[in-house]
Amino acid sequence: MRVLNVAEKPSVANILSRNQGLRMREGRSRCNKRFEFNYSIRGQHCQMVVTSVIGHLMELEFEDRFRKWHSCDPAHLYQAPVRKFVPEDKLDIKRTLEEEARKCQWLVLWLDCDRGGENIAFEVLEDFLMGDVGSFREIHESVQNLVRPNQLFADAVDARQEIDLRIGASFTRFQTMLLTDAFVIDIAADDRHLVLSYGPCQFPTLGFVVERYWEVQSHEHEEFWTINCSHKLDEGTATFNWMRGHLFDYTCAVIIYEMCVQEPFATVTKVRQQEKRKYPPHPLNTIELEKRASRYFHMSSEHTKKVAEDLYQAGFISYPRTETGYFSERTDLHPHRSSFWW
């Protein structure tokens with residue numbers, strides 16, 4: 001039995017083939033190599049062929065007659081037909097898969113555990129219809145328990161892509177054609193036809209930036225004064241907060257300060273204790289991971305996912321690309337309680 005294994009990215013293909021006594025062949029795309037080794041699936045001897053795609057294999061676009069700026073009214077893009085196709089830069093990957101698919105009886109897909117991964121599964125299946133299909137779990141366990149991809153998850157991604165395309169293209173064209181003559185733009189030296197487009201996301205964001213800039217520019221600076229008080233002990237320093245916060249009247253601030261100097265002793269009339277709880281971060285949540293990495297380490301989303309993937313491959317963390325806040329029922333957390341830290 002010959003089995004074609006398709007990973008979502010070249011790095012995953014390398015992991016699947018590591019320490020398997022493999023033979024490597026070049027693919028039509030120089031980034032997507034082919035690895036071969038022997039393996040047993042459900043007690044059946046198999047010859048495994050491992051290669052990869054690079055994310056989504058296909059793109060969504062309008063038919064050619066609707067793709068030019070003035071080809072139609074922007075409102076018509078909500079009913080215009082769309083098509084999925086393999087872009088020019090991924091045709092070599094498609095040809096590699098076609099070559100290997102003709103020689104194999106099974107197809108196993110190693111993809112991210114999210115809707116995007118399920119969608120890529122059906123992109124591959126659309127061009128290369130074959131038998132059993134698997135989703136990525138634990139490598140050796142999942143290959144013995146192959147399951148079919150979820151059509152509903154894949155359809156959800158298709159719907160989101162089509163909505164993004166129709167809304168984005170229609171608003172971009174509408175705003176761009178409306179504002180083309182509103183601003184004077186210097187033409188490039190080589191007289192190329194320059195089009196400055198205004199998208200549905202960038203344009204409102206620019207509005208927020210300008211609005212905030214105007215607020216900063218219109219702000220009138222006004223001096224204020226505050227009184228700070230602290231008491232030093234052997235155990236540490238106690239800092240007291242003034243309920244008034246600050247005063248804009250210099251004379252009043254000076255009078256209150258002089259009163260404090262004249263009466264250097266104060267009486268503590270009330271002590272209030274307040275319990276604070278610090279909750280652990282949400283587990284298995286990619287968005288929360290990206291937010292905290294940006295807040296504390298100033299890391300971009302792409303950099304965060306790359307570091308998380310490297311840590312996962314080294315065995316330090318669980319699979320990072322997930323959209324859940326719960327551990328699997330099969331996960332035994334008790335042996336790892338002492339190693340948890342937040």
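Since the model is a prediction, treat every value here as computed from it, not as a measurement.

Let us now look at the confidence of the model for the protein. Per-residue pLDDT for the protein has a mean of 80; in total, 80% of the residues score no lower than 70. Below pLDDT 50 for its whole length, residues 129-138 participates in 40 contacts with residues either more than four positions away or in separate chains.

Turning our attention to the side chain of Arg34. In this structure, Arg34 sits in strand β3 (residues 34-41). At 2.8 Å, the side chain of Arg34 forms a polar contact with the backbone oxygen of Glu26. In this structure the side chain of Arg34 is engaged in a polar contact, spanning 3.2 Å, whose partner is the side chain of Glu99. Among residues more than four places away in sequence, those in contact with Arg34 are Arg23, Met24, Arg25, Glu26, Gly27, Arg28, Val50, Thr51, Thr96, Glu99 and Glu100.

Looking now at helix α1 (residues 10-17). Every α-helix winds through 3.6 residues per turn, so residues three or four apart in the chain are directed the same way. Considered for burial, the residues of α1 that qualify are Val12, Ala13, Leu16 and Ser17. Across the axial projection of α1, the buried residues extend over an arc of 130 degrees, all falling on one side.

Further remarks concern the packing of aromatic side chains. Applying the stated criterion to the full structure yields 2 aromatic pairs. One residue, Arg83, lies across the ring of Phe85, its end atom 4.6 Å from the ring centre.

Moving on: the pairing of strand β5 (residues 59-62). Of the two faces of β5, only one is covered, namely that formed by Leu60 and Phe62; the face formed by Glu59 and Glu61 stays uncovered. In this sheet, strand β6 (residues 82-85) lies alongside β5 in antiparallel orientation, the contact comprising 4 bridges. Considered in β6, the bridge of Leu60 is made with Lys84.

What counts as what
- Chains are numbered independently. Their residues run from 1 in the order of the written sequence.
- Residues qualify for local features only when their pLDDT is at least 70, as the model is predicted, and side-chain atom pairs are given and counted only at 80 or more; totals for whole chains, interfaces and linings, by contrast, use all residues.
- Hydrogens and water molecules were not included; the side-chain quantities draw on all heavy atoms of the structure.
- pLDDT measures the predictor's confidence residue by residue and takes values from 0 up to 100.
- In this description, contact between two residues means that some pair of their heavy atoms is separated by no more than 4.5 Å.
- Only runs of H or I of at least four residues qualify as helices and only runs of E of at least two qualify as strands under DSSP, and these elements are numbered from the N terminus.
- Under this definition, polar contacts are N or O atom pairs within 3.5 Å; protein pairs additionally need one hydrogen-donor-capable and one acceptor-capable atom, and for neighbouring residues in sequence, both atoms have to be side-chain atoms.
- Per-residue accessibility, obtained with a 1.4 Å probe over protein chains only, is compared with the maximum for each type, and a residue is labelled buried under 20%, exposed over 50%, and partly exposed between these values.
- Think of the arc as the fan of directions from the helix axis to the C-beta atoms.
- Aromatic rings from Phe, Tyr and Trp, with only the six-membered ring used for Trp, were paired whenever their centres fell within 6.5 Å, and each pair was classed as stacked if the ring planes differed by under 30 degrees, edge-to-face if by over 60, and tilted otherwise.
- Whether a charge sits over a ring depends on NZ of Lys or CZ of Arg being within 6 Å of the ring centre and within 35 degrees of the ring normal.
- At least two bridges found by DSSP between two strands are what make those strands a pair.

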